[in-house]
Amino acid sequence: MEKLPRKPYEKELLRLQGELVQMQEWIRTSGTRLVVVFEGRDAAGKGGAIQRISEYLNPRICRIVALPAPTERERGQWYFQRYVAHLPAPGEIVLLDRSWYNRAGVERVMGFCTPAEYDRFLRQCPVFEDLLIEDGVLLRKYWFSVSDAEQERRFRDRMNDPMKQWKLSPMDLESITRWEDYSRAKDEMFAHTDTRTSPWFVVESEDKRRARINTIAHLLSTVPWEPVPPRELSIPPRPPLRGYQRPPREQFHAVPDHAASLL
């Protein structure tokens, strides 16, 4: 697949991000609840897509949820319970950087859940999602697909880049040796949860730029948003001064002018 050049990528990305801002305003004013699930193999490009979607959005409206491993208390709860707490209120967007599908992926492959818990998840997940959709939640599910060779290349890039090493964990590296196990788990997950009411949308992510553009364009096309007339705002005239005097700067702890050393 030919990689998308940077110049047309950046131009189209900015245009799509402008539409995302308009969609956000429609979601806010209409009271819509939008949940977007991002799943896929490690280093498939989920995080980069989420960053580009949320870059210009209001963090009070668009929240990114990336939950850590469950606590001992959460492990004793109904599996979906801790995710319910993060679902959007009216006028909000939630971007799930991994989701309840952890049980069908890493928990299944790494043995972090029992066979009974896994089977129960496959039965309950379509019902859970149907209940969300019936209640009016817009649910979109994206699976980012990447080849084994490209995944390994990205792992090596992270390993050699001090700014990206935090993205790499021992469990990520172990996924290389369990490639086929994860493939089988993904296929079984799709067989049970790729439903008519809540389908999976597969994003080919060998080229991260294409993946981001395609994901954002698809999301915008599947949400029934429409432009909202902008609110009329005006800057009021500044009132006349009434004798206030600012205290001397020397009274405060100033941040050193590090930027001056760059000149």
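About the cut-offs
Residues numbered from 1 in each chain as written. Predicted model: local features only at pLDDT ≥ 70, side-chain atom pairs only at ≥ 80, totals over all residues. Heavy atoms only, no water. Helix = DSSP H or I, 4+ residues; strand = E, 2+ residues; numbered from the N terminus. Buried < 20%, exposed > 50% of the residue type's maximum accessible area, 1.4 Å probe, protein only. Contact = heavy atoms within 4.5 Å. Lys, Arg positive; Asp, Glu negative; His and termini not counted. Charge placed at Lys NZ, Arg CZ, Asp CG, Glu CD. Pairing = 2+ DSSP bridges. Axes fitted to C-alpha atoms, helices over the stretch in contact; angles between N-to-C directions.

Asker: For the overall build of the protein, give the residues involved together with the corresponding values.
Answerer: When helices and strands are tallied, the protein shows 10 helices and 5 strands. Considering the protein as a whole, with its 263 residues, one finds that 39% of them fall into the buried category. Counting only contacts in the protein whose residues sit at least 6 apart along the sequence, the fraction spanning at least 24 positions is 79%. If you average the places of the 41 positive and of the 38 negative side-chain charges in the protein, the two averages end up 4 Å apart.

Asker: Can you break down the sheet that holds strand E5 (residues 200-204) residue by residue, with the values?
Answerer: Spatially, E2-E3-E1-E4-E5 is the arrangement adopted by the 5 strands of the open sheet, whose pairing is parallel. Of all the strands in the sheet, the pair left with one neighbour each is strand E2 (62-65) and E5. Going from strand to strand, the sheet's axes swing by 20 degrees on average, the running direction of each strand aside. Alignment of E2 against strand E3 (residues 92-97), held across 4 bridges, turns out to be parallel. Paired with Ile64 across the strands is Leu95, a residue of E3. Running at roughly 160 degrees to strand E4 (residues 138-145), helix H10 (residues 208-222) makes contact with strand E1 (33-40), E4 and E5 of the sheet.

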